[in-house]
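Read off the chains here:
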Amino acid sequence: MRLFKRVLSGVLITGLILTNTNIIALGSGEETLPENTGNPVLSGYSQYLNEYSNVDFGEEIVLSASEISEVSGGAELVEDKDGKTGVKIPDTGVAKWRFNVSKDSVYVCKVEYISAEEGSGSLEVEFLIDGNVPFDEVSMVTFTRLYKDVSKEFLSNTSGNDILPEQEEVFRYQESYIKDQTGYISDPLQFYFSEGEV
């Protein structure tokens, strides 16, 4: 499978700060698309993938936070201490990118993100294309926070069992493909974009 041939990295996250979103095309070709069912939300990834099975991968597209076309719901552009621009997206926030695709293509998406200092749970977002969730598996995309041990020393309880050290969050940039959260699909999820402005 040519899935990892080209990679897109991008940033779209709730309760975290996204810096880059890459949309990576998997190939290119002259194939035509099958007839679209007209259903804006397909039931599952395998059905969606079958719908666009004849479409090749496109060329890599990199979307930076500074290229965001619209933010709402409390989302805002922010700059870190090193001058890197990102978008901070709270639970109710929305960030939208508009970009051009040179031809009908299939892509995988890789997101660079850092968690915001407030909050403690996983970072969850809904991934939309043209205002619709393309398949169920991206109705909730989860990005993890990063933690480290507070101490390198392991304490023991009265029975002599090791006690895990306390954890603290590390605020460092991470990259993650948009993947199936259940783990049933191990490869990054593929997304279809039609020619023109997305």
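Rules and cut-offs
- Residues numbered from 1 in each chain as written.
- Predicted model: local features only at pLDDT ≥ 70, side-chain atom pairs only at ≥ 80, totals over all residues.
- Heavy atoms only, no water.
- Salt bridge = Lys/Arg side-chain N within 4 Å of Asp/Glu carboxyl O.
- Helix = DSSP H or I, 4+ residues; strand = E, 2+ residues; numbered from the N terminus.
- Buried < 20%, exposed > 50% of the residue type's maximum accessible area, 1.4 Å probe, protein only.
- Phe/Tyr/Trp six-rings, centres within 6.5 Å; stacked < 30°, edge-to-face > 60°.
- Lys NZ or Arg CZ within 6 Å of the ring centre and 35° of its normal.
- Pairing = 2+ DSSP bridges.

Just checking my understanding: could you explain the pattern of salt bridges for this structure?
Side chains that differ in charge, positive against negative, can pair when their charged atoms come close. Tallying each qualifying case throughout the model produces 6 salt bridges. Notably, a salt bridge pairs Glu112 with Lys84, separated by 3.0 Å at the nearest N-O pair. Within this pair, whereas Glu112 is found in strand E9 (residues 105-115), its partner Lys84 is found in the loop between strand E5 (76-79) and strand E6 (85-89), the two being separated by 28 residues in sequence. Here Lys84 falls in the partly exposed class, since its relative accessible area comes to 29%.

Is there a simple way to think about the packing of aromatic side chains in this case?
The description of an aromatic ring pair uses the distance of the two centres, along with the angle that the planes make with each other. Enumeration according to the criterion identifies 9 aromatic pairs in this entry. Seen from their ring centres, Tyr48 and Phe135 are 4.7 Å apart, and the 50° between their planes marks the pair as tilted. Taken together, the residues span a long stretch of sequence, with Tyr48 in helix H1 (residues 45-51) and Phe135 in the loop between strand E10 (123-125) and strand E11 (141-143) at a distance of 87 residues. Both residues of the pair, Tyr48 and Phe135, belong to the buried class. Members of the aromatic cluster, each reached through a chain of ring pairs, are Tyr45, Tyr48, Tyr52, Phe127, Phe135, Phe191 and Tyr192. It is Lys84 that lies over the ring of Tyr173; its NZ or CZ is 4.3 Å from the centre.

Teacher, can you tell me more about unusual backbone geometry here?
The phi torsion of most residues other than glycine is negative, and most of the peptide bonds are trans. Its identity is not glycine, yet Asp130 carries a phi of approximately 55°, on the positive side. Structurally, the position occupied by Asp130 is in the loop between E10 and E11.

Is there a simple way to think about the pairing of E9 in this case?
The side chains of a regular strand alternate, first on one face of the sheet and then on the other. Buried residues dominate E9, accounting for 11 of its 11 residues. Neither face of E9 is open: one carries Ser105, Tyr107, Cys109, Val111, Tyr113 and Ser115, the other Val106, Val108, Lys110, Glu112 and Ile114, and all of them are buried. As defined by bridge partners, E9 adjoins strand E17 (residues 190-193) across 4 bridges and the pair is classed as antiparallel. Residue pairing across strands places Val108 opposite Gln190, the latter belonging to E17. Judged from the 4 bridges that link them, E9 and strand E16 (residues 174-177) form a sheet pairing that is antiparallel. Within E16, the position partnered with Tyr113 by the bridge is Gln174.

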